[in-house]
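The residues making up each chain are set out below.
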Amino acid sequence: MRADRPDPMQHAPSDPIARRAFLQRMGAAIALYGATGCTRAPAEQIVPYVTQPPDVVPGRPRMYATAFVLDGYATGVLVESHEGRPTKIEGNPEHPASLGATSAFEQASVLSLYDPDRMRAPRLNGTTASFAQVFAAVRRAALARREGEGLAIVLAPSSSPTLARVLRLVRERLPSARVFFHGSRARAAHEGARMVRGRVLERRHDLRRADVVVSLDDDFLARGPACARLAHDFASRRTPNSEGGMNRLYVFEPTFSATGTMADHRVRVRAHDIAAVAARLVREISKGRLAVPDVLADAAKGVVVDALARDLVAHRGRCAILVGASQPPVVHAMAHALDELLGNVGSTVTLAPSPLLEAGEPSHDARALAAHLRSGAVHTLLVLGTNVVYASPADLELEKLVRAVETSFYLGAFADETADACTMTMPEAHFLESWGDARAFDGTVSIVQPLVAPLHGARTSLDVLSALLSPSPQEPAPSSHALVRETMRVGHGGDAGFEAAWRRALRRGVTDDAPIAPVPPGELALDRHALAAALGAVRLPPPGALEIVFPTDERVHDGRFANNAWLLELPTVVTKLTWSNAATLSSATAARLGLSDGDEVDVTYEGRTARTVAHVVPGHADDSVAITLGWGRRGGETNARGRGVNAYALLGSGEAIGAGVTVRRTGAARALAVSQPNHDLHDREHHIARKTTLAALETRRTEREKRPVALPLYQLAPADTRQWGMAIDLSLCTGCSACVVACQAENNVPTVGPDGVAKGRIMHWLRVDAYVGGDRHAPDVTLQPMLCQHCEKAPCEYVCPVDATVHSSDGLNQMVYNRCVGTRFCSNNCPYKVRRFNWFDYHQGEPDVVALVRNPDVTVRQRGVMEKCTFCVQRIREHEIAVHRGDADVPPVRTACQATCPTGAIVFGDLADKGSTVARLHADERAYGALEELGTKPRVAYLARTKNPNPEIA
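In this text, all values refer to a predicted model and were calculated from it rather than measured experimentally.

A.B. asks: Explain the overall build of the protein chain to me, using residue names and the numbers behind them.
C.D. replies: Per the secondary structure count, the protein chain includes 28 helices and 39 strands. Counting only residues that meet the buried cut, the protein chain has 62% of its 954 residues in that class. Looking at the protein chain as shown, the accessible area adds up to about 35,800 Å², and 52% of this sits on carbon and sulfur atoms.

A.B. asks: Account for helix H3 (residues 104-113), with residues named and values stated.
C.D. replies: Buried residues dominate H3, accounting for 10 of its 10 residues. Among all positions of H3, only Ala104, Phe105, Glu106, Gln107, Ala108, Ser109, Val110, Leu111, Ser112 and Leu113 are buried. Lining the buried residues of H3 we find strand S3 (62-70), strand S4 (73-82), strand S5 (85-91), helix H20 (565-568), helix H23 (738-746) and helix H27 (896-900).

A.B. asks: Tell me about helix H17 (residues 480-492), residues and numbers included.
C.D. replies: Side chains that are three or four residues apart share a direction in an α-helix, a result of its 3.6 residues per turn. Given a rise of 1.5 Å per residue, 13 residues ought to cover 18 Å, and the 18 Å separating the end C-alpha atoms of H17 matches this to within 8%. When H17 is considered as a whole, its buried residues turn out to be Ser480, Leu483, Val484, Arg485, Thr487 and Met488. For H17, the secondary structure elements touched by its buried residues are helix H5 (161-173), strand S19 (436-439), strand S20 (445-448), helix H16 (461-469) and helix H18 (498-508). Where H17 ends, the next residue or the one after it, Gly493, has phi of about 95°, a positive value.

A.B. asks: Account for the confidence of the model for the protein chain, naming residues and giving values.
C.D. replies: Here the protein chain averages 89 in pLDDT, while 92% of its residues score no lower than 70. The low-confidence segment residues 27-47, where pLDDT is below 50, has 51 contacts with residues more than four positions distant or belonging to other chains.

A.B. asks: Any details on the pattern of salt bridges? Residues and values, ideally.
C.D. replies: Per the stated rule, a full pass over the model turns up 62 salt bridges. Taking the shortest distance from any N to any O, the salt bridge between Asp206 and Arg208 comes out at 2.9 Å. Across the salt bridge formed by Asp273 and Arg270, the nearest N and O atoms sit 3.0 Å from each other. Here Asp273 matches Arg270 in class, with each residue buried. Shared partners join several salt bridges into a network, and the residues in it are Arg280, Arg283, Glu284, Asp294, Asp298 and Asp306.

A.B. asks: Let's hear about the sheet that holds strand S29 (residues 724-729): which residues, and what values?
C.D. replies: The four strands are arranged S36-S29-S38-S37 in an open sheet whose pairing can be described as mixed. The sheet terminates laterally at strand S36 (906-910) and strand S37 (927-928), the two strands that pair on one side only. Relative to strand S38 (residues 940-943), S29 runs parallel, the two being bridged by four bridges. By the bridge assignment for S38, Ile728 is matched with Tyr942.

A.B. asks: Now, about the nonpolar core: what can you tell me, with residues and values included?
C.D. replies: Buried together is how nonpolar side chains tend to be arranged in soluble globular proteins. Within the largest apolar cluster, 105 residues are counted, with the highest numbers of intra-cluster contacts made by Met726, Phe871 and Tyr942. Counting residues per element, this core draws most heavily on H3, which supplies six residues. Setting aside residues up to four positions removed in sequence, Met726 forms contacts with Leu787, Phe871, Thr895, Cys897, Ile906, Val907, Phe908, Val918, His922, Arg939, Val940 and Ala941. Val196, Leu216, Ile285 and Ala297 belong to the second largest nonpolar core, which has 45 residues in total.

A.B. asks: Go over unusual backbone geometry, please, and point to the residues and values.
C.D. replies: Even without being glycine, Glu606 reaches a positive phi, approximately 50°. Its location among the elements puts Glu606 in the loop between strand S23 (599-605) and strand S24 (608-616).

Criteria and cut-off values
- Each chain has its residues counted from 1, running along the sequence as written.
- Local features in this predicted model are restricted to residues of pLDDT 70 or higher, and side-chain atom pairs are both shown and tallied only at a pLDDT of 80 or more, whereas totals for entire chains, interfaces and linings draw on every residue.
- With hydrogens and water excluded, all non-hydrogen atoms of the structure serve as input to the side-chain values.
- Only DSSP runs of H or I reaching four residues or more are called helices, and only runs of E reaching two or more are called strands; each is numbered from the N terminus.
- Relative accessibility thresholds used throughout: buried, under 20% of the residue-type maximum; exposed, over 50%; partly exposed, between the two (1.4 Å probe, protein chains only).
- For the area figures, the Shrake-Rupley method with a 1.4 Å probe applies, and any residue is considered shielded solely by the protein chains shown.
- Only heavy atoms enter the contact rule, under which two residues are in contact if any of them lie within 4.5 Å.
- Take the residue count of a helix, subtract one, and multiply by 1.5 Å to get its expected span.
- Scored from 0 to 100, pLDDT reflects the predictor's confidence in each residue.
- Salt bridge, as used here, is a side-chain nitrogen of Lys or Arg placed within 4 Å of a carboxyl oxygen of Asp or Glu.
- Strand pairing follows a simple DSSP-based rule, namely that at least 2 bridges must link the two strands.
- For the purposes of this section, nonpolar cores are sets of buried Ala, Val, Leu, Ile, Met, Phe, Trp, Tyr and Cys residues that join through side-chain atoms within 4.5 Å.

If you want it as structure tokens, here you go:
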């Protein structure tokens, strides 16, 4: 949905890429390589299915393996395609970074493919041009001077073996050209490793072996290149019955994160003070073997930190320390020292070279790029796939520097800030339209293969660089498909068996190449003198001094997803804020500054000022203000433009944390679009979101808690069919909200915009509630996914005057849309408030190209009906048909939310099968039904959230 549409009942002009035109342009999606993947066939005009391809059955989707790349790291995905139209993304079980799961970014990426705001055509000096004209102009400018003198190329961070090979060829032909990489937040970790290890290394954690896990401002369960893998491994040790015992999690952070909600002990500290926490741990554990300034270590003196030090020592070799990307290099260096002191290297952590090209080199420093541009030595600038003008610190003045270059070219998805500053632009292909390759966090290589031909003829970075290698303008440059195949062929050792390996890689989503091997522990050495020198240089702001923090946003990242309505309307983990960012701060800091929630404020840092809204958040660190990056856009993206505040306008010197900020009220106030305004359970924890501890659970094992018995309204007939049900383990739910976006993609759930959210009209069938308990300054937050409970005695069913909500023989609470007249009696009678009324026809008036993302197996609802979770009934019926057909190896039914969950918190299945996982979980000692005392008999069982606190800490 376009959030700025004034009236959802009005038709918008038809989009130029209509369904018929789309099908005429997607010849590549119909020419398939059997079951191995798809390839781009020669361009030709076709009318679809005059002669039906023999390997395509209309109505039966096919799955193809590819890879989603973010910040240079690949995550393997499987993409569902309906007659060549990608509609849904799942995780690839064979890929080490996903293990079958995804984050919200992967789930929402398919919507970006059909974004009507995407750049449509190349432009040359402000006028529309052909691809051939722009390519010729780029080639002339880049090769105008001898050996590429005056040429600068700026790329997004990449781990692509093919890009590495092509860049090597470009440098051989144009040795004077300079190459830069822009946008990676991993630089601090690389610098920290270089500081104490002498070289750039990345720490890979195996949380399956960790009894104690420590997060130093690292939201590792929801963010980062390995977040799905880390969440999976962490969850394997997070239940009372975990093999090896339940782990324990300590989190130190300034802002409340998804990882913070999972902590057994969460300590809110300023971002600057994370260095003091790490220093105290080093001093306490090393017992004087490493020099730590007392003034630094004593700044973190406290019961929790000292008890943590003893807990880590008690679990030598079985603990893990993770550090956030926004922390300075010295904190990452101290994590290396703690690994050495605790014997973690080779057990819970290994160190390996980074898969990123030129990781840790000056080419990754935005300041080096700015200095090179400022020198006046650049006459031709190629910016490929990164919005460098927007996503850079304000003090670098990159917009001014880019505009000063004689010839500048931008390859991007949108007519954004960088496109506005360049003399030539060209649309960039979406990853579902591209050939390429990339490495995962561990170095595993994946092939990025397209599912459709580019909707607007878009190109990739490989296509642009390949044009520089062509011997003459008349000779066609190698395609990205040919470049990727050649890279794999060379790596395979020649032609023998290459085709079989290529097809296997397309089918599996990963190549046969081994991951990047870790460095043997015997080759690692810790430079203690360098660490001591770095610790001696640390200066903390004085107590009470106000700091500012610039984390990447959990919905729009660094701004690249700021036009994706699914992500814009996705509530944040704790605050439940949508469609904007804000200046978040604690209640104590707000009181000291005379601020209230919703006050408009001017935030000033290093002489730069930005206007935003104050948002008071429980559990936020005192004396700390956080503004997430990625908002305040001013490009051509309709949904992104003008929403929130641009934190890059405040960011200086590339540092993610700073001190000396001032916050002042303007006197105005603004309403924020918050999906859950009330976070208090009002002493109803036992009925809604139960909690317990591992110790308390042990004492109750002998006498099972009796559940309340309610008087039945009517008796159910015995069932002789499958009885579908769900179990959700609150101990495993991180609140990452991938399930929310997966449900939205699978079930054609519309977005309603910020005004609709503010009026309580959000349409999500699945939400993740956040309940705040205990001390409001240091609260305990419980997350609970809430969806239709499919009650056996559903209060909604017996109040519907037209019998629109009914019960199926297999236990589903169903909605008959054609009967519903919108009385909303069912919503009023639902104690869980999970039924959504479609106030408007939110799909009406959307450009035709957006309709291509819809799942054809699910009805697109019109206005005036109730809608809700159906347990993905379309998947259930598809499974039943496959079983009835006698298909071999029919997989079990998996709902969209279950399939995407990295931790396995959601389990779906047949309750009538007493041997099934879902039936076993329903019988678990922690299982309960939300508000079960009402006698609704919900089919969703929750497993009480269990914590494992340190007995030393009260």
